[in-house]
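# Per-entry structural report
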Amino acid sequence: MALPIVVGVDGSEPSLRAVDWAADEAALRGAPLRLVYASLWERYEGAALPQDLGKPSEQVTAEGILRTAAQRAGSRRAELKISADVLAEEPEYALVREGREAAALVLGTRGRSGFVEMLLGSVSLTVAARADCPVIVLRGSHDDQDRIRTHGRVVVGIGERTTDSAALRFAVQEAKLRHATLDAVRAWRCPAHETTDHPLLAGEPARLHELHAGDVLDKALENVPADLDLNRRTVEGPARRVLLDASGKADLLVVGARRNPGHLGLQLGRVAHAVLHHAASAVAVVPEQE
């Protein structure tokens, strides 16, 4: 049986948009959808929550939130097998554990309001940095509204790892499922100390770095299926800036995050951290084992 797509739900509009994305993802994969509400904060936010949602307090329960999310997913994708659970624990721990038996985790970027909004932002970041499966975080657009984009393009950042890249495999799968173009991008830079003012050598160091980037890209993509609509690009500039620029015309931006089993802290990397905060599209962070 296919592993489920797991989505974190808290009753906020961003999390319900994450339910939409997760329902579509599960339908594309022929996978079940699992809805999870995980929180230890109801004792603190319980008084404010009914007012936030505009409902009487007796109607605002974790079960009610999950029921609404399940109905929304079922209305969107009637063929889905949907399950839901309330987990009375810290959301980051619950979701990381759920990710051990999931094809992917899907999260929104924000919670309901105030302190909870800040908390859930950190939860998305923590889960992306620790989960064993790909984590898809729905970013907000320029007007601060999360939307499911329809550019027909998946962008993947190509790092130094040219063989057995989990991020590339995931991006290829997503592009095939969505019948989308895969835009494989390799950023490159010429270190300042290699530049020269000599007119016969000007531009040569940069050209060598550009050629190396092309070689890395070709090596990484040599096993990509021939029937995939593939666009290869080498772009000069910091990887963070290059990928953020590319996200403006993407449905999904895929980046890898190295995982060291002996390291207990957050394992995300500067590029993944930057795109999670600033990308114009949804972001998938895919763990790469050392």
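Up top is the structure these notes are about.
These notes cover the structure that comes with them. Values in this document were obtained by computation on a predicted structure and should not be read as measured data.

What counts, and at which threshold
- Residues numbered from 1 in each chain as written.
- Predicted model: local features only at pLDDT ≥ 70, side-chain atom pairs only at ≥ 80, totals over all residues.
- Heavy atoms only, no water.
- Helix = DSSP H or I, 4+ residues; strand = E, 2+ residues; numbered from the N terminus.
- Buried < 20%, exposed > 50% of the residue type's maximum accessible area, 1.4 Å probe, protein only.
- Contact = heavy atoms within 4.5 Å.
- Expected span 1.5 Å × (residues − 1).
- Pairing = 2+ DSSP bridges.
- Axes fitted to C-alpha atoms, helices over the stretch in contact; angles between N-to-C directions.

### A short note on the overall build of the protein
Secondary structure assignment for the protein yields 10 helices and 10 strands. Counting every position in the protein, which comprises 290 residues, the buried fraction comes to 49%. Taking contacts inside the protein between residues at least 6 apart in sequence as the whole, the part at least 24 apart equals 79%.

### Remarks on helix α1 (residues 13–29)
The terminal C-alpha atoms of α1, which comprises 17 residues, lie 25 Å apart, in line with the 24 Å expected from a rise of 1.5 Å per residue. In terms of burial, α1 is a largely internal element, 13 of the 17 residues being buried. Following α1 by one or two positions, Gly30 adopts a phi angle in the positive range, close to 65°.

### Some details on the sheet that holds strand β5 (residues 135–137)
Read across the open sheet, the 10 strands follow the order β3-β2-β1-β4-β5-β10-β9-β6-β7-β8; overall the sheet is mixed. The open sheet is flanked by β3 (82–87) and β8 (230–236), the only strands paired with a single partner. Along the sheet, successive strands turn relative to each other by an average axial angle of 25°, direction set aside. One ladder, built from four bridges, connects strand β1 (residues 5–8) with strand β2 (residues 33–38); its direction is parallel. Among the inter-strand pairings, Ile5 is bridged to a residue of β2, identified as Leu33. Packed onto the sheet, helix α5 (residues 91–98) meets β1, β2, β3 and β4 (104–107) and runs at close to 160° relative to β2.

### Some remarks on the environment of Trp188
Along the polypeptide, Trp188 turns up in strand β7 (residues 181–188). As a C-alpha pair, Trp188 and Pro238 span 50 residues in sequence and 7.0 Å in three-dimensional space. Excluding residues that lie within four positions of it along the chain, Trp188 makes contacts with Ala206, His209, Glu210, Ala213, Thr234, Val235, Glu236 and Gly237.

### Description of the environment of Pro4
Note that Pro4 resides in the segment before β1. Judged by its relative accessible area of 16%, Pro4 is buried. Through-space distance from the C-alpha of Pro4 to that of Ala104 is 7.4 Å; in sequence the pair is 100 residues apart.

Scope: geometric values only; no functional claims are made or implied.
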